[in-house]
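Next come the chains, spelled out residue by residue.
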Amino acid sequence: MNLFQFNERFPDEAACEAYLRLKREEEGIVCSKCHESKHYWTESLKRWKCANCGTTENLFAGTMMEKTKVSLKIWFQVIHLMTSTKKAFSALEMQRQVGTKFYEPIWYMMQKIRITMGKRDALYRLQGDIEIDDAFFETVDLPKEMLLGGEITEMAIENFARGGLTRGRGSERQSKVLVMVESKPNPKQTLKYKKDRIMGFAKMIVMDDLSGTGINYTVKESISPSSIVISDGYKGFSGLSEIVEKHNAMVVPQKEAHIKLPWVHAVISNAKRNLLGVHHSIGKGFLQNYLNEFVYKLNRRTFESDLFDRMIVAGAHDTWY
């Protein structure tokens, strides 16, 4: 759906409300008080009313847009722009595109959408042959006074990032991420300059540490137990054989990493390039949100259906918190 088609489909607030109502009814309305599923819509109140106890529920309750003060059309515009392009938007550029006066509501809105993307992907487990590796992303560890003061916009993060923090692996700038990518052999590929494996879905999880216990827990939550895991010889991966069908640990020289584990390194490289090129600096506590957006669109790169519709369904299904 291009921008012209979007404007034709959603010309005003009423059209957006009608579409969200349709998607919510398809998902099913359940009373928060008596848990009855039979409801009817009252147009004058723009609410559903429970046929059993009479409890009413507004259009946004239980959705990604719950308690929002921003118009639904702006929500739809932001969702469309975030899902219609392979690259990402900064909050400042998004503010310019939708023409709002204030920056902060757009920033918070985009974070809520990213959280919802992550919750949607968390419903599914990876299967088959899976490449696993760790990655380090440069982030900014914001001070508590900035977090408590609410000054956590992209501009505030970038300004703070200009301070004198040390650089390099293991520094306070580095956030640990566990990357998992489905990757099955492609015997038909004979060209040397192309990867001899086919990429499937991916997951990128921010980790507090890369200990064996933490890795095992995350892998158990993210991967089917019947999977075959391929990794390098990092000692944190040594316990994976206990939770998956098979674990192939290889000694991988740094220069051969892109050959032995082709797709996991391609995903890491593309994610870093995407985040650095658009957002420049990311707060440590928000890295997972940005990775959620990257992985959500990556996993649906071949889908023929419009990602806007899928995102509205995900937003209607659950809250962001």
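Provided above is the structure to which this section pertains.
A quick note: this is a predicted structure, and the numbers were derived from the prediction, not measured.

## A short note on the overall build of the chain
Next, step 1: Helix and strand counts for the chain stand at 12 helices and eight strands.
Next, step 2: Taken over C-alpha atoms, the radius of gyration comes to 22 Å for the chain, in line with the 20 Å a tight globule of 321 residues would show.
Next, step 3: Counting only C-alpha atoms and orienting by the principal axes, one finds that the chain spans roughly 65 × 45 × 40 Å.
Next, step 4: Going through the 321 residues of the chain one by one, you find that 48% of them count as buried.

## Remarks on the pattern of salt bridges
Between side chains of opposite charge, a pair can form as their charged atoms come close.
Next, step 1: Across all of its chains, the model carries 12 salt bridges by this definition.
Next, step 2: Across the pair E26 and K23 runs a salt bridge, and its minimum N-O distance is 3.5 Å. Linking E26 with K23, this pair stays in helix α2 (residues 13-27), spanning three residues, or about one helical turn.
Next, step 3: What makes K23 buried here is its relative accessible area of 15%.

## Quick notes on the nonpolar core
Next, step 1: In terms of nonpolar packing, the biggest core is built from 60 residues, with F76, V78, I113 and M204 touching the most fellow members.
Next, step 2: When residues in this core are grouped by element, the largest group, eight residues, is from helix α3 (residues 72-84).
Next, step 3: The next biggest cluster of nonpolar side chains, apart from the first, holds 15 residues, and it includes I132, F136, M180 and L210.

## A few points about the sheet that holds strand β5 (residues 174-185)
Next, step 1: A sheet is described by the order of its strands in space; here five strands give the open sequence β6-β5-β4-β7-β8, paired in mixed fashion. For this open sheet the edge positions go to β6 (197-207) and β8 (246-250), each flanked by a neighbour on one side alone. Taking the axes of each pair of neighbouring strands and ignoring which way they run, one obtains an average angle of 25° across the sheet.
Next, step 2: As paired strands, β5 and β6 are joined by nine bridges and run antiparallel to one another.

## Notes on the pairing of strand β1 (residues 39-42)
Next, step 1: Bridge count for β1 against strand β2 (residues 47-50) is four bridges, and the pairing is antiparallel. Opposite H39, over in β2, you have C50 as the bridge partner.
Next, step 2: In this structure, the hairpin formed by β1 and β2 is closed by a connection of four residues, where K46 is found at a positive phi of approximately 55°.

## Observations regarding helix α4 (residues 91-98)
Next, step 1: All buried positions along α4 are accounted for by A91, M94, Q95 and V98. With its buried residues spanning 105° around the axis, α4 presents them on a single face.
Next, step 2: Following α4 by one or two positions, G99 has its phi on the positive side, about 75°.

Thresholds applied
Residues numbered from 1 in each chain as written. Predicted model: local features only at pLDDT ≥ 70, side-chain atom pairs only at ≥ 80, totals over all residues. Heavy atoms only, no water. Helix = DSSP H or I, 4+ residues; strand = E, 2+ residues; numbered from the N terminus. Rg over C-alpha atoms; globule rule 2.2 N^0.38 Å. Buried < 20%, exposed > 50% of the residue type's maximum accessible area, 1.4 Å probe, protein only. Salt bridge = Lys/Arg side-chain N within 4 Å of Asp/Glu carboxyl O. Core = buried A, V, L, I, M, F, W, Y, C linked by side-chain atoms within 4.5 Å. Pairing = 2+ DSSP bridges. Axes fitted to C-alpha atoms, helices over the stretch in contact; angles between N-to-C directions. Arc of directions from axis to C-beta.

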